[in-house]
Amino acid sequence: MISDKKKRRRIEIILAVCIILAVFIGVVLGRTLSEIRNVDIRADLQNYEPALPTQILDRNGNLITELFSDEKREIVPVEELPKHLIYALISREDANFYEHNGLSFKHFFRAVFNIIAGNYFSGFSTLTMQVAGAHYADRSEISITRKVKEVWYAFQIEKALTKNEILEIYMNEVYFGHNTYGVESASQFYFGHSAKDITLAESAILVIQLASPASYSPINHPETARNRQIDVLNEMVELGYCSKEEADDSFSAYWDSFDYSRSNIASAYFDNASKAPYFSEYVRLQLNDMLYGAVDVNKDGFIVHTTLDLDIQKSANKIMDRAYREINQEYQKYSDSRYEIVNDEFISIIDILSLAFNIGDIRVTGARQKGLATDYYFETINPSLYMLSSIFGLTNLNKASVTGYNKNKSRNEKNTVEGALITLENNTGRILAMVGGSDFETKQYNRAVDAIVQPGSCIKPLYYSAAISSHKFTPATRLYDGPIVFFDDSGNPYEPLNYLGEWEGSVLLRYALATSMNVPSLQVLDGIGFDAAIDRISRMTGLYDKRNNEVLFPRGFPLGLGVTALAPINMARAFATFPNQGKEVVPIAVISVEDRQGNIILEPEKDRLRDKQKNKGEDQIMTPQEAYVMTDMLQSTVEFGTLANRRRYVGGFDGMPMAGKTGTTQNWQDAWTSGFSPYYTSVLWFGFDTPGNSLGRYLTGATAAGPYWALYMKEIHQDLEVKEFPEPESGIIRVRVCKISGLLPTNDCDDGTKEEIFLIGTEPRKTCNIHKFQKQRNEDLLIRLQKNLLIEDVPFQTFDIPQLDLPDFLLDNPADSGIGTEDNGDYNPLLD
């Protein structure tokens, strides 16, 4: 009896529990289903827009790079993927994928049993449930409600889509670690090729990332990844997806070529193999400003058509890589030579003093050996330690090697010559090439745009153009190159020097600019005044709104030698003004932007052209005639000035006219060359990220930047038709003048004449009187000698009396003179 009662009681309890459980499940299911949206699964998934990277294209439609943040994804049809990749996936994630209808009851009951038995927690999500969870549930939530949603939507997906369609969605969306989403992006990142070409062993590596990318990454944990890879390959062999021999061969091939040195901080974001990384980042920043609102350039899959020309960029990369290597070698030689002088001349004396007076702090010999040992560790030992610690997972050793790497990086930055290059198309301002430094991965500092440094003598043509516009100066204006003290508006004196302290006496303006003379240039600055100079410089460089900033544009004569702060992109737009017939040139990087459907949503270049039409004439900084005179004068820099040896160095430019200017700042900290052809304007700069260091007197604008500017300009013009700079149809006149005075020649001008270019109305009206004056002076001297020495009928030709150079203000030819400063190191008579 008692036993029957107990049995009945147990049955009642079980029934009660079942009823309660049924009610609970019914409530949960009802509540969950009430929250589930009634959607058209096929339409919903087809309209779904996963995060896609933005593609950056050059002006010819070639891919430069892709922009993305946390999701690097490329869509690839499942039909184009190899079968063994699909087999690897389903054998690891969902062996019954082709048999179930969204839910694997076998896996479901196994999971329930394990939970009740307290064995372990095992999931039962199928591939279809994972797709459902990604689209219709919050997979970060651990609850029965979420699982019910996943199962419900999994059934709906299975009804609406084919198995291959489900696979395609899954394989293009799932996360594979290191910021990669989808098999294509993951394959490109891990193996360097498309998923369409993935091997058997590589397929196994990919699918184990789905379980835990942090634990099984072949980059961070190669040994753990190898073991899990073997498990997957063995499963595939057991399921008949491949033979044992195929698995072993693929496994061996993968690890035989594996790169153990790859950084353990690698990700698709930092592995962005851009063909123009500095330009790509520049475009990304511009897009963030243009595409304001609820858009994300890293996820919304825009197609960005840019101005870059990858062929020109390739030349820029090649020549700048060579420049970084060779200039740093020259700088190191210069530095070593200085240290050798110190070692030979002073170290022994200092050591004797330290021993004699027991001053240990100044002892050098031991410190020198310690320094050599430190260099050896950083350059030889530390890289090997880093690689070994990464391979064998030696955490403490890895931390030490990373610390050593960071210290060595800091040391190198102080003594590494960096540089930048930018090329603009003259008449459009399109940025065709941009190099912002030697190593984008190490330091994303774009020196082409952000390096605000002194331009040195490259600033001279900017205010020379204001002098031409003033009609006070012409290419034939006579100036004086000699010691002069200049006084600014406050009465402060300033006494400039030339390179190596050499002087040439009276010179013409064209020659002074071509050879980068300082005192004559400051005479030009003094002649036009600071207001006119600053106005012209600020307009040409795109800094007109800052023209009243006296820190940037000081009202003093050092400004005439480049004591201001500009980036290479500012200097490029300034120099492009000359071949663009005096019109303002504004650099532009983006032509148009399309959304992922191919709709054009932005056209910055067309917008700019419309604005120019509305404000026609406002972009004219100087007249075409004034710009042409400046262009003609700057060609002299290449013909006989500071770039003449550079022209000879490359064997000429194959008939293509070139013009430009070099610049070197005080103490040889920065070296510039800015120049242009009828097609392009290019600016090169070299210097240090850390101020205060010196390139040395032998690395100047002419000798450091000049040769690579010449090489680069010759290379990118090889396939272009030779053409001349466009000359205005009117307003220009050519007049033959005396080479010495710049005035109309007479029969007395024995030193010769030359044809010079002038704005109409500024050509010389007076005839040269210098030679007549000199002849009269020599005849007077001869008469005095004859009287004093009682010499009769001595022919004039027997006396070799040197010609004297006198400043204009001592002759009957007054010219606007000015003031001067210190040398930039541009003109070296030994070089040119």
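What counts and how
- Residues numbered from 1 in each chain as written.
- Predicted model: local features only at pLDDT ≥ 70, side-chain atom pairs only at ≥ 80, totals over all residues.
- Heavy atoms only, no water.
- Helix = DSSP H or I, 4+ residues; strand = E, 2+ residues; numbered from the N terminus.
- Buried < 20%, exposed > 50% of the residue type's maximum accessible area, 1.4 Å probe, protein only.
- Contact = heavy atoms within 4.5 Å.
- Areas by Shrake-Rupley, 256 points an atom, 1.4 Å probe, with all protein chains shown as cover.
- Axes fitted to C-alpha atoms, helices over the stretch in contact; angles between N-to-C directions.
- Parallel < 35°, antiparallel > 145°, perpendicular 65-115°, else oblique.
- Nonpolar A, V, L, I, M, F, W, Y, C, P; charged D, E, K, R; others polar.
- Pairing = 2+ DSSP bridges.
- Phe/Tyr/Trp six-rings, centres within 6.5 Å; stacked < 30°, edge-to-face > 60°.
- Lys NZ or Arg CZ within 6 Å of the ring centre and 35° of its normal.
- Salt bridge = Lys/Arg side-chain N within 4 Å of Asp/Glu carboxyl O.
- Polar contact = N/O pair within 3.5 Å; in protein donor to acceptor, adjacent residues only side chain to side chain.
- pLDDT = per-residue confidence, 0-100.

Asker: So what exactly am I meant to see when it comes to the overall build of the protein here?
Answerer: When helices and strands are counted, the protein shows 27 helices and 18 strands. Within the span of the protein, comprising 832 residues, buried residues form 49% of the whole. A fraction of 72% describes how many contacts in the protein between residues 6 or more apart in sequence connect residues 24 or more apart. Summed over its atoms, the accessible surface of the protein is roughly 40,500 Å², and 53% of this surface lies on carbon and sulfur atoms.

Asker: Please clarify how helix H9 (residues 200-209) should be interpreted in this entry.
Answerer: Three- or four-residue spacings in an α-helix give side chains the same orientation, since the helix completes a turn every 3.6 residues. By the criterion of burial, H9 is predominantly enclosed, with 10 of the 10 residues buried. Taken together, the buried positions of H9 are Leu200, Ala201, Glu202, Ser203, Ala204, Ile205, Leu206, Val207, Ile208 and Gln209. On its buried side, H9 packs onto helix H3 (83-93), helix H8 (183-191), helix H10 (213-216), helix H11 (222-238) and helix H12 (244-256).

Asker: Would you mind going over the packing of H9 against H12 with me for this structure?
Answerer: When two helices pack together, their arrangement is given by the angle between the helix axes and by the axis-to-axis distance. Running from N to C, H9 and H12 cross one another at 75°; their axes reach a closest spacing of 7 Å. The angle between H9 and H12 falls in the class roughly perpendicular. When H9 is examined against H12, the residues Leu200, Ala201, Glu202 and Ile205 are found in contact with a partner set consisting of Glu246, Ala247, Ser250, Phe251, Tyr254 and Trp255. Class assignment of the residues belonging to the contact of H9 with H12 gives a composition of 7 nonpolar, 1 polar and 2 charged.

Asker: How do you make sense of the pairing of strand E14 (residues 659-664) when you look at a structure like this?
Answerer: Looking along a regular strand, one sees side chains alternate from face to face of the sheet. Among the 6 residues of E14, 6 are classified as buried, and the element is accordingly described as predominantly covered. Judged by which residues are buried, E14 turns out to be covered on both faces: Ala659, Lys661 and Gly663 on one side and Gly660, Thr662 and Thr664 on the other are all buried. As defined by bridge partners, E14 adjoins strand E15 (residues 671-676) across 6 bridges and the pair is classed as antiparallel. Following the sheet pairing, Thr664 is matched in E15 by Ala671. Connecting E14 to the next strand, E15, in antiparallel fashion are 6 residues, including Asn667 with a positive phi near 65°.

Asker: I would appreciate a short explanation of the packing of aromatic side chains in the present structure.
Answerer: Each aromatic ring pair is characterised by the separation of its centres together with the angle its planes make. Under the criterion given, the structure shown has 22 aromatic pairs. Ring geometry for Tyr87 and Tyr241: centres 4.3 Å apart, planes at 5°, overall stacked. Taken together, the residues span a long stretch of sequence, with Tyr87 in helix H3 and Tyr241 in the loop between H11 and H12 at a distance of 154 residues. When the centroid spacing of 6.1 Å and the interplanar angle of 85° are considered together, the rings of Phe575 and Phe578 count as edge-to-face. What makes Phe578 buried here is its relative accessible area of 2%. Across the ring face of Tyr544, the terminal group of Arg547 is positioned such that the distance to the ring centre comes to 3.9 Å. The aromatic ring of Tyr679 is capped on one face by Lys723, whose charged end is 4.3 Å from the ring centroid.

Asker: Help me understand the sheet that holds strand E7 (residues 431-435), please; the structure alone is not making it clear to me.
Answerer: Sheet strands line up and pair through hydrogen bonds in the backbone, either parallel or antiparallel. Read across the sheet, 5 strands follow the order E7-E6-E16-E15-E14 without closing on themselves; strand pairing throughout is antiparallel. Single-partner strands in this sheet number two, and they are E7 and E14. Averaged over all pairs of adjacent strands, the angle between strand axes in this sheet comes to 5°, irrespective of strand direction. The pairing of strand E6 (residues 418-425) with E7 spans 4 bridges and is classified as antiparallel. Bridge assignment links Thr423 to a residue of E7, and that residue is Ala433. Packing of helix H22 (residues 568-576) onto the sheet brings it into contact with E6, E7, E14, E15 and strand E16 (680-687), and relative to E16 it is tilted by some 145°. In the packing of helix H24 (residues 624-639) onto the sheet, the strands contacted are E14 and E15, and the crossing angle to E14 comes to about 65°.

Asker: It is not clear to me how the pattern of salt bridges should be interpreted in this structure. Could you clarify?
Answerer: Side chains that differ in charge, positive against negative, can pair when their charged atoms come close. Overall, the coordinates contain 25 salt bridges when judged by the stated rule. Here Asp607 makes a salt bridge to Arg610, at a shortest N to O gap of 2.3 Å. One end of the pair, Asp607, and the other, Arg610, are both in helix H23 (residues 604-614), 3 residues apart, so they sit about a helical turn from each other. The exposure class of Asp607 is partly exposed, given its relative accessible area of 32%. Sharing partners across several salt bridges, the network here consists of Glu418, Lys443, Arg447 and Asp689.

Asker: What exactly am I supposed to notice about unusual backbone geometry here?
Answerer: Backbone geometry follows two general trends: most residues other than glycine have a negative phi, and most peptide bonds adopt the trans configuration. Its identity as a non-glycine residue notwithstanding, Ser516 has a phi of 60°, on the positive side. Its place among the elements puts Ser516 in the loop between helix H19 (509-514) and helix H20 (518-528).

Asker: How do you make sense of the environment of Gly651 when you look at a structure like this?
Answerer: Secondary-structure assignment places Gly651 in the loop between helix H25 (644-649) and E14. Judged by its relative accessible area of 61%, Gly651 falls in the exposed class. Put simply, Gly651 and Leu711 are 60 residues apart on the chain and 9.6 Å apart in space, counted from C-alpha to C-alpha.

Asker: Is there a simple way to explain the side chain of Lys163 in this structure?
Answerer: Structurally, Lys163 is set in helix H7 (residues 163-173). Overall, the relative accessible area of 18% leaves Lys163 in the buried class. Separated by 2.9 Å, the side chains of Lys163 and Glu158 make a polar contact.

Asker: Would you explain the confidence of the model for the protein in this entry?
Answerer: Parts of the model with low pLDDT should not have their predicted coordinates read in detail. Mean pLDDT over the protein: 80, with 71% of residues reaching 70 or higher. In the model, residues 366-373 has pLDDT below 50 throughout and makes 2 contacts with residues more than four positions away in sequence or in other chains. Segment residues 791-832: pLDDT under 50, and 122 contacts once partners within four positions in sequence are set aside and those in other chains are kept.

Asker: Just checking my understanding: could you explain the sheet that holds strand E5 (residues 303-306) for this structure?
Answerer: If you trace the 5 strands from one edge of the open sheet to the other, you get E2-E1-E5-E12-E13, paired in mixed fashion. Looking at which strands have only one partner, the edges of the open sheet turn out to be strand E2 (63-67) and strand E13 (600-602). Taken over all neighbouring pairs, the strand axes of this sheet differ in orientation by 25° on average, direction set aside. Across 2 bridges, the pairing between strand E12 (residues 590-594) and E13 is antiparallel. Bridging across to E13, Glu594 finds its partner in Ile600. Packing of helix H13 (residues 277-290) onto the sheet brings it into contact with strand E1 (54-57), E2, E5, E12 and E13, and relative to E2 it is tilted by some 55°.

Asker: What is the right way to look at the environment of Ser438 in this model?
Answerer: With respect to the element layout, Ser438 can be found in the loop between E7 and helix H17 (447-450). Distance in space between the C-alpha atoms of Ser438 and Ala323 is 9.6 Å, their sequence separation being 115 residues. Setting aside residues up to four positions removed in sequence, Ser438 forms contacts with Tyr278, Tyr324, Glu418 and Arg447. Side chain to side chain, Ser438 and Glu418 meet in a polar contact 2.6 Å long.

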